[in-house]
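# Examining the three-dimensional arrangement
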Amino acid sequence: MPRLTDDQVDQLLTRWPVARLATVGAGGRPHVVPIVFAACDGAIWTGVDGKPKAGGELARVRHLRSDPRVTLLLDHYSEDWRELWWVRLEGQGSLRGAEGEAERRAERALRDKYPQYRDTPLFRGAPALIRVEIERRTSWCADLAQVPGA
C-alpha cells in the first residue's frame, strides 16, 4: 500500500485548506465536522470561530471536555483515481484560551493561512482554540507521484 512520505504529510498540513475533525460523543458515537486548521509548534490547531453556529456550546467542545481522543482526516478525491490520497492523524485534543505564547503563535498561523479571518472573527465569544497533539499518522495514496509536493 503506497503511503505518503513524512515530508508530503508535513507539506499537506501546512497548505491543505480543510480537514475533518472526529470527536467521541455520547455513548462513544463518532461526531465529525469539517474544520480549518494550522500546523504550529508540532500540533494542529483550530479556532472556535465566529462563523454562524446553531447556538450554545459546540458539540466538539463538549466532547473534548469528556473525552480528549480525536482523529483528523485530510483527503483528496478526483475522478482520476490515480490522484486519490488521505492522511489520518490520531491524537489528544485539548481546549485552550489564547493567552499563552504557543496559543498566540497558533492564532497568527491561522490568520496567516486563512485570509477570510480578516472579515470573520477568529473567535466566537471568549478566545478558544482546540489543540491536537498528534500521536499517530497514517496515510495512503493511489500514486505517490500524483500527491501535492511529491
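The following refers to the structure shown. (Residues numbered from 1 in each chain as written. Predicted model: local features only at pLDDT ≥ 70, side-chain atom pairs only at ≥ 80, totals over all residues. Heavy atoms only, no water.)

### A look at the nonpolar core
Counting 35 residues, the largest nonpolar core has Leu 4, Leu 12, Phe 37, Leu 72, Leu 74, Trp 85 and Val 87 as the members making the most contacts within it. Considering each element in turn, this core owes the most residues, 4 residues, to strand 7 (residues 129-141). Filtering out sequence-adjacent residues up to four positions away, Phe 37 remains in contact with Leu 12, Leu 13, Trp 16, Pro 17, Val 18, Ala 19, Ile 44, Trp 45, Leu 74, Leu 110, Lys 113 and Tyr 114. (Core = buried A, V, L, I, M, F, W, Y, C linked by side-chain atoms within 4.5 Å. Buried < 20%, exposed > 50% of the residue type's maximum accessible area, 1.4 Å probe, protein only. Helix = DSSP H or I, 4+ residues; strand = E, 2+ residues; numbered from the N terminus. Contact = heavy atoms within 4.5 Å.)

### Some thoughts on the side chain of Thr 138
Tracing the sequence through the fold places Thr 138 in strand 7. Ignoring sequence-local partners within four residues, the contact set of Thr 138 consists of Arg 3, Trp 86, Val 87, Arg 88 and Glu 90.

### Details of unusual backbone geometry
Unlike most non-glycine residues, Asp 41 shows phi in positive territory, near 55 degrees. Here Asp 41 shows up in the loop between strand 3 (38-40) and strand 4 (43-47).

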